[in-house]
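# Geometric and topological summary
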Amino acid sequence: MTNEEYDQAMQMKSHAPGYWPAEALERWTDHKWQLRNRINSLEAIEKRINLTREERSGILLSGNKLAMSITPHFMNLVDKDDPDCPIRRQVIPRIEETWDDPTELSDPCGEDSHMPVPGLVHRYPDRVLFLVTDLCASYCRYCTRSRVVSGVGEQQLETQYEAIYEYLENTPTVRDVLLSGGDPLLFSTAKLDKILTRLRQIPHIQFVRIGSRIPIFLPQRITQELCDMLKKHHPLFISIHANHPKELTSEVQEGLIRLAEAGIPLGNQSVLLKGVNDDIPTQKALVHKLLMCRVKPYYLYQCDLIEGSSHLRTSVSKGLEIIEGLRGHTTGYAIPQYVIDGPSGGGKIPVNPNYVVKHTDNQVVLRNYEGKEFIYPEPNSAPAFLE
Ligand SMILES: *Cc1c(COP(=O)(O)O)cnc(C)c1O
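Note that this is a predicted model, so its numbers are computed, not measured. (Residues numbered from 1 in each chain as written. Predicted model: local features only at pLDDT ≥ 70, side-chain atom pairs only at ≥ 80, totals over all residues. Heavy atoms only, no water.)

This part is about unusual backbone geometry. Here the bond from Ala-16 into Pro-17 is cis, since omega is 0°, no more than 30 degrees from zero. Position of Pro-17 among the secondary structure elements: in the loop between helix H1 (3-10) and helix H2 (31-36). Residue His-234 is joined to Pro-235 through a cis peptide bond whose omega torsion reads -5°. As for its placement among the helices and strands, Pro-235 is situated in the loop between helix H10 (224-230) and strand S5 (236-240). With phi around 75°, Ser-150 is a residue other than glycine that occupies positive phi space. Residue position: Ser-150 is located in the loop between strand S2 (127-131) and helix H7 (161-169). On the basis of relative accessibility, which here comes to 11%, the residue Ser-150 falls in the buried class. The phi torsion at Arg-294 lies on the positive side, around 65°, for a residue other than glycine. (Helix = DSSP H or I, 4+ residues; strand = E, 2+ residues; numbered from the N terminus. Buried < 20%, exposed > 50% of the residue type's maximum accessible area, 1.4 Å probe, protein only.)

Frequently, the measure chosen for interface size is the accessible area removed from exposure when the parts meet. Annotation of the protein at the domain level lists domain 1 (3-95), domain 2 (112-350) and domain 3 (356-386). The centre of domain 1, based on its C-alpha atoms, is set 52 Å off from the matching centre of domain 3. (Domains from an automatic or database assignment.)

Another point: the site of the ligand. The immediate surroundings of the ligand are formed by Val-121, Arg-123, Tyr-124, Arg-127, Leu-129, Leu-178, Arg-209, Tyr-298, Tyr-299 and Lys-348. Within the side chain of Arg-127, an N or O atom sits 2.8 Å from an oxygen atom of the ligand. Within the side chain of Arg-209, one N or O atom sits 2.8 Å away from an oxygen atom of the ligand. Relative to its free-state accessible area of 380 Å², the ligand is covered by the protein chains to the extent of 90%. Of all the secondary-structure elements, those providing two or more residues to the shell around the ligand are strand S1 (120-124), S2 and strand S7 (295-302). In terms of residue count, S1 provides more of the shell around the ligand than any other element does, three residues in total. Residues belonging to the shell around the ligand are distributed by class as follows: six nonpolar, no polar and four charged. (Near = heavy atom within 4 Å. Polar contact = N/O pair within 3.5 Å; in protein donor to acceptor, adjacent residues only side chain to side chain. Areas by Shrake-Rupley, 256 points an atom, 1.4 Å probe, with all protein chains shown as cover. Nonpolar A, V, L, I, M, F, W, Y, C, P; charged D, E, K, R; others polar.)

Below, the discussion takes up the packing of aromatic side chains. The description of two aromatic rings rests on the distance between their centres and on the angle between their planes. Under the definition given, this model contains nine aromatic pairs. Measuring from centroid to centroid gives 6.1 Å for Phe-130 and Tyr-165, while their planes differ by 80°, and the two rings are edge-to-face. Of this pair, Phe-130 sits in strand S2 while Tyr-165 sits in helix H7, and the two are 35 residues apart along the sequence. Here Phe-130 and Tyr-165 have matching classes, each one buried. (Phe/Tyr/Trp six-rings, centres within 6.5 Å; stacked < 30°, edge-to-face > 60°.)

This next bit is on the sheet that holds S1. Within the open sheet, the nine strands sit side by side as S1-S2-S3-S4-S5-S6-S7-S8-S9. Their pairing is mixed. Here the strands that pair on one side only, and so sit at the sheet edges, are S1 and strand S9 (347-350). Taking the axes of each pair of neighbouring strands and ignoring which way they run, one obtains an average angle of 30° across the sheet. As paired elements, S7 and strand S8 (residues 337-342) share three bridges and run parallel to each other. When the bridges of S8 are listed, Tyr-299 appears paired with Gln-337. The sheet strands contacting helix H12 (residues 280-292) are S5, strand S6 (266-272) and S7, and the helix crosses S7 at an angle near 145°. (Pairing = 2+ DSSP bridges. Axes fitted to C-alpha atoms, helices over the stretch in contact; angles between N-to-C directions. Contact = heavy atoms within 4.5 Å.)

Let us now look at a negative patch on the surface. Judged by side-chain charge, Asp-79, Asp-81, Asp-82 and Asp-84 come together as a negatively charged surface patch. Within the secondary structure, Asp-79 sits in the loop between helix H5 (72-75) and helix H6 (88-91). (Patch = residues over 30% accessible without salt bridge, like charges linked within 9 Å, V, L, I, M, F, W, Y side chains within 5 Å. Salt bridge = Lys/Arg side-chain N within 4 Å of Asp/Glu carboxyl O. Lys, Arg positive; Asp, Glu negative; His and termini not counted. Charge placed at Lys NZ, Arg CZ, Asp CG, Glu CD.)

On to the pairing of strand S12 (residues 373-377), then. Sheet topology places strand S11 (residues 363-367) next to S12; five bridges connect them, and they run antiparallel. Bridge pairing links Arg-367 to Glu-373 in S12. Here S11 folds back onto S12, and the loop between the two strands holds five residues, one of which, Gly-371, carries a positive phi near 90°.

With that out of the way, let us pick up the UniProt feature "modified residue: N6-(pyridoxal phosphate)lysine" (unreviewed entry) in the protein. Those places that UniProt annotates as "modified residue: N6-(pyridoxal phosphate)lysine" (unreviewed entry) correspond, in this numbering, to Lys-348. Here Lys-348 lies in strand S9. Residue Lys-348 is classed as partly exposed on the basis of its relative accessible area of 29%. (UniProt positions renumbered as here; feature names shortened; annotations may be inferred.)

A few words now on the side chain of Thr-249. Relative to the helices and strands, Thr-249 resides in the loop between S5 and helix H11 (250-261). The class of Thr-249 is buried, set by a relative accessible area of 2%.

With twelve residues, helix H8 (residues 189-200) should cover 16 Å at 1.5 Å per step; its first-to-last C-alpha distance of 16 Å lies within 8% of that length. For H8, the complete set of buried residues consists of Thr-189, Leu-192, Asp-193, Ile-195, Leu-196 and Leu-199. Taken down its axis, H8 places every buried residue within 165° of arc, on the same side. Facing away from the buried side of H8, by more than 90 degrees, are the exposed residues Ala-190 and Lys-194. (Expected span 1.5 Å × (residues − 1). Arc of directions from axis to C-beta.)

Shown next as structure tokens:
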């Protein structure tokens, strides 16, 4: 990425009306209009962009596994001609999704075996993942829960709300509830308010957070009304999901700032994806832009071993190289923790470049971001020297 490309990536312009007629601008900010006008057929997409054969076949087969759905807002970020467009690779199916890879799994993080009640994943002692819906505004082609989301896959998500509340009431070790799905912000404000109110009635639940890609796919949903409701339930955090600097448009930034103004701390969870964001300049532009939107990069995930994701997965060395390219080279707040969700249920495992060159009883030999070595003597040890 040249300086010019970096400057371009840092721009936050709106892309409306883009692939829509000028009249659409009147309805553009109405999130219900955005949802009704999602792109979910080959015909609708072919009217707008030039597809490759791989994409056309992928779209025709997507109904068997993970539906295609793209909001007009997000569709406008897709390049018309370039099949390698980083936005396009995230939401437009490709034939590679049907390829078999023996290392892939339908439940890559082993969630189903950690569900005490359908719809509730309890893997860590003090926190739970509450899957409130199986629907999203748009579907990411590398979805870690493609087995249950979008309503066309092999399994149905049958969340048992009352049984979940009862389980939480009877499990005092749980102090943190993470609402996810599917996308919780797809619910009406009133419905989400009811869920949050119910959770807030459980005294040992201290912390509530929501994982959502709505601020990116459908920023029009981040209304003042929604923010006013959310702020009644503090401390409440939101984790968003942006993978590329292009996703952070002016509409997205406005929505994020509205959330931040409601006192909601914001984090970003991104997925390391081949051809989307697996290089240092793209990641740098992404994390810088996130800070401009008042979002702290939280996790960078190695892509899960989800079925049909081989064309989007990149090596762990690449991830380590990216973290190394950020640490020391930019603001500490901008650096996410790189993690691998242990296949079949290991939970999130941090993966870090190694800065400890040597560690003895007396001292640690460290390397800094420039590759220079430094000695830190352990307490009560002889004066430091390079062994
Ligand atoms: C990611 C996740 C959490 C939350 O983990 P944090 O590291 O606290 O963000 C909780 N439960 C499950 C099952 C998860 O996958």
